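Spelled out, the chains give:
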Amino acid sequence: MVLIEKIQNVFPRATDIPEPLLNGIPCIQTGYLVNGEIRVWEGSRQEVHSPVWVADDTDPKPFFIGEYPLLTEAEALQALDAAVAAYDHGRGLWPTLSVAERIDHMERFVFRMIEAKDLVVRFLMWEVGKSLQDSEKEFDRTIKYINDTLTALKDLDRISSRFTIEEGIIGQIRRAPLGVVLCMGPFNYPLNETFTTLIPALVMGNTVILKPPKHGALLYAPLLAAFCDVFPKGVINIIYGEGRKMIPPLMASGKVNVLGLIGTSKTANALKKQHPHPNRLRCVLGLEAKNPAIVLKGADLDLAVKECILGCLSFNGQRCTALKILFVEAAIVDEFLERFTAAVNALSFGMPWREGVFLTPVAEKGKADSLRELVSDAVAKGARVVNPAGATICGSFFFPAVLYPVHDKMRVYHEEQFGPVIPVLAFQKIDEPIEYMINSCYGQQVSIFGSDPGRIARLIDPLVNQVCRVNINCQCQRGPDTFPFTGRKDSAEGTLSVSDALRVFSIRTLVAAKQTELNKQIITCIVRDHKSKFLATDFIL
């Protein structure tokens with residue numbers, strides 16, 4: 001009862017909010033970036049309410065933190081025209097700059113971005129309810145990602161700075177941009193995951209239209225001036241508004257060459273169908289997942305519980321890489337559940353600025369109610385909420401619910417819950433979780449917890465053909481960013497890592513000539529006199 005009362009009183013009064021966190025709140029965002037200028041929008045705007053609600057003498061209410069422009073199809077098409085003109089069929093300033101020159105622009109942007117850190121982090125915390133500590137980590141990780149990308153690009157360019165001679169043919173092979181990229185990121189990592197497509201797309205010479213996510217739009221306001229000042233006009237265009245109204249006309253134009261989307265397969269499929277020339281469209285997609293954990297008899301249960309807590313509930317389970325269903329061997333399921341539910345009940349929860357807070361309000365409007373519906377469906381079909389306070393709701397706060405036993409007639413068995421609902425199943429035969437993954441629509445990752453090398457090995461071999469990452473005795477995760485990040489089936493298209501992303505937003509291109517005296521003289525002259533940015537042997541240090 002004490003825990004439930006604490007949940008029901010989770011939200012602060014306005015006077016309890018630390019004053020420094022209110023600097024810049026509310027943020028009334030009227031600017032958007034098109035063709036190298038920050039334009040002022042005087043039309044309708046979208047109100048933004050934080051997942052953090054504020055209590056008063058009655059029930060808690062959503063806290064107003066700002067507004068952003070609701071642009072129309074006309075502004076979206078203006079951004080497209082600007083990006084198309086800046087690319088100019090590969091003849092524009094940006095795609096014809098040398099790699100070293102594009103790196104210089106990006107390094108200047110990083111400097112400007114760091115100057116805006118405090119505001120970006122504060123808006124990130126308010127907009128999606130991420131803890132202040134994790135919001136700072138997301139910002140710092142993004143800076144590191146950019147710097148690591150530039151390092152990887154230098155390495156890639158060094159390899160390309162030499163000529164290859166094969167069968168009497170002289171060739172120089174480099175990577176060239178693809179054209180206009182449409183980037184759309186997710187609300188759960190509105191800065192970091194958006195930048196994992198935006199940064200490689202830009203630095204490889206493409207021009208970009210960026211539409212920030214619905215939750216996580218305000219945090220781009222402090223960065224608009226940096227984008228505007230650092231990059232040539234039309235290279236980066238940032239638009240706000242309702243995606244279902246703005247994005248289809250961009251795709252239907254046939255002028256978008258690459259779709260970089262972190263979102264759902266439903267959205268991706270609908271957008272791809274809009275493009276009139278599908279063979280001209282490259283898709284880089286990070287989509288949903290239903291990552292299982294498999295806990296074997298003999299596993300270190302202290303470790304398994306710790307990692308499953310992190311995997312299921314970091315940022316309230318609002319991650320594509322979250323563990324979303326737990327298969328526990330029947331012989332140990334009772335002990336596992338006892339330890340796991342005790343660990344869930346001991347988690348720190350509250351407002352995102354609290355030191356050491358782990359659970360915070362869920363980001364999406366109406367999410368707590370949709371999670372309750374999933375729990376009700378499971379309970380009606382035979383599951384029980386194992387932890388007594390599970391599924392307790394106060395406004396936008398949903399206390400985690402551990403469901404057991406779960407079976408295939410329940411929605412939560414199949415659907416990606418994207419929140420703090422944890423379905424648990426007991427299994428007798430190891431084939432059961434394998435069959436689940438074979439029949440699943442998703443194929444991103446799996447976590448195996450155990451101590452028997454033979455049993456783990458027998459799982460590894462079939463599972464590497466079902467998912468793209470098998471984690472041993474640890475949660476599913478994206479990092480480190482140098483590792484490949486992708487998925488099978490409906491979970492991804494294309495591979496994102498620091499080096500893979502550079503390749504996925506570009507294409508191998510070469511200049512070749514027969515090894516004749518005339519051709520050697522021509523190539524020597526071009527290289528010696530720096531007549532070409534592509535045909536060159538400059539070595540970036």
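With that settled, consider the pattern of salt bridges. Evaluation of the coordinates by the stated rule reveals 30 salt bridges. The salt bridge involving Lys 154 is made with Glu 107; its shortest N-O contact spans 3.9 Å. Taken together, the positions of Lys 154 in helix α6 (residues 132-160) and Glu 107 in helix α4 (residues 99-115) put the pair 47 residues apart, joining distant regions of the chain. With a closest N to O distance of 3.1 Å, Glu 493 and Lys 272 form a salt bridge. Separated by 221 residues along the polypeptide, Glu 493 in strand β24 (residues 492-493) and Lys 272 in helix α10 (residues 265-274) bring together distant segments of the chain. Relative accessible area serves as the criterion here: at 33%, Glu 493 is assigned to the partly exposed category. Residue classification places Lys 272 among the partly exposed residues on the basis of a relative accessible area of 26%. A single salt-bridge network, built from bridges that share partners, covers Arg 141, Glu 193, Arg 478 and Asp 481.

With 12 residues, helix α7 (residues 192-203) ought to run about 16 Å at 1.5 Å a step, and its terminal C-alpha atoms sit 16 Å apart, in line with that. The buried fraction of α7 is high, at 12 of 12 residues. All of the buried residues in α7 are Asn 192, Glu 193, Thr 194, Phe 195, Thr 196, Thr 197, Leu 198, Ile 199, Pro 200, Ala 201, Leu 202 and Val 203. Phi turns positive, to about 105°, at Gly 205, one or two residues after α7.

This part takes up the side chain of Glu 288. Within the fold, Glu 288 resides in the loop between β12 (282-286) and β13 (291-295). Although buried, Glu 288 forms no salt bridge, and the nearest oppositely charged side chain, Lys 324, lies 9.5 Å from it. Here Ser 265 takes part through its backbone nitrogen, which lies 2.7 Å from a polar atom of the side chain of Glu 288. Apart from the residues lying within four places of it in its own chain, the contact partners of Glu 288 are Gly 263, Thr 264, Ser 265, Glu 416, Tyr 442, Asp 490 and Ser 491.

Looking now at empty space enclosed by the protein. Throughout the structure, instances matching the rule amount to 3 cavities of 30 Å³ or more. Of the voids in this model, the largest cavity is the one considered here, and its volume is about 60 Å³. Of the residues belonging to the lining of the largest cavity, the class tally is 6 nonpolar, 5 polar and no charged. In this structure, the second largest cavity occupies an estimated 50 Å³ of space. Lining the second largest cavity are Lys 290, Asn 291, Pro 292, Met 437, Ser 440, Tyr 442, Gly 443, Gln 444, Gln 445 and Val 467. At the level of secondary structure, the elements contributing two or more residues to the lining of the second largest cavity comprise β13 and β20 (442-443). Taken together, the residues that form the lining of the second largest cavity break down as 4 nonpolar, 5 polar and 1 charged.

Covered by surrounding structure in strand β18 (residues 401-404) are Ala 401 and Leu 403 together with Val 402 and Tyr 404, the residues of both alternating faces. As paired strands, strand β15 (residues 384-385) and β18 are joined by 2 bridges and run antiparallel to one another. Within β18, the position partnered with Val 385 by the bridge is Leu 403. In terms of strand pairing, β18 meets strand β19 (residues 421-427) through 3 bridges, oriented parallel.

Analysis parameters
- Residues numbered from 1 in each chain as written.
- Predicted model: local features only at pLDDT ≥ 70, side-chain atom pairs only at ≥ 80, totals over all residues.
- Heavy atoms only, no water.
- Salt bridge = Lys/Arg side-chain N within 4 Å of Asp/Glu carboxyl O.
- Helix = DSSP H or I, 4+ residues; strand = E, 2+ residues; numbered from the N terminus.
- Buried < 20%, exposed > 50% of the residue type's maximum accessible area, 1.4 Å probe, protein only.
- Expected span 1.5 Å × (residues − 1).
- Lys, Arg positive; Asp, Glu negative; His and termini not counted.
- Polar contact = N/O pair within 3.5 Å; in protein donor to acceptor, adjacent residues only side chain to side chain.
- Contact = heavy atoms within 4.5 Å.
- 1 Å grid on protein atoms, 1.4 Å probe; cavity = no way out; pocket = protein on both sides within 12 Å on 5 of 7 lines; lining within 4 Å.
- Points joined across faces, edges and corners; volume = space filled by probe spheres on them.
- Nonpolar A, V, L, I, M, F, W, Y, C, P; charged D, E, K, R; others polar.
- Pairing = 2+ DSSP bridges.

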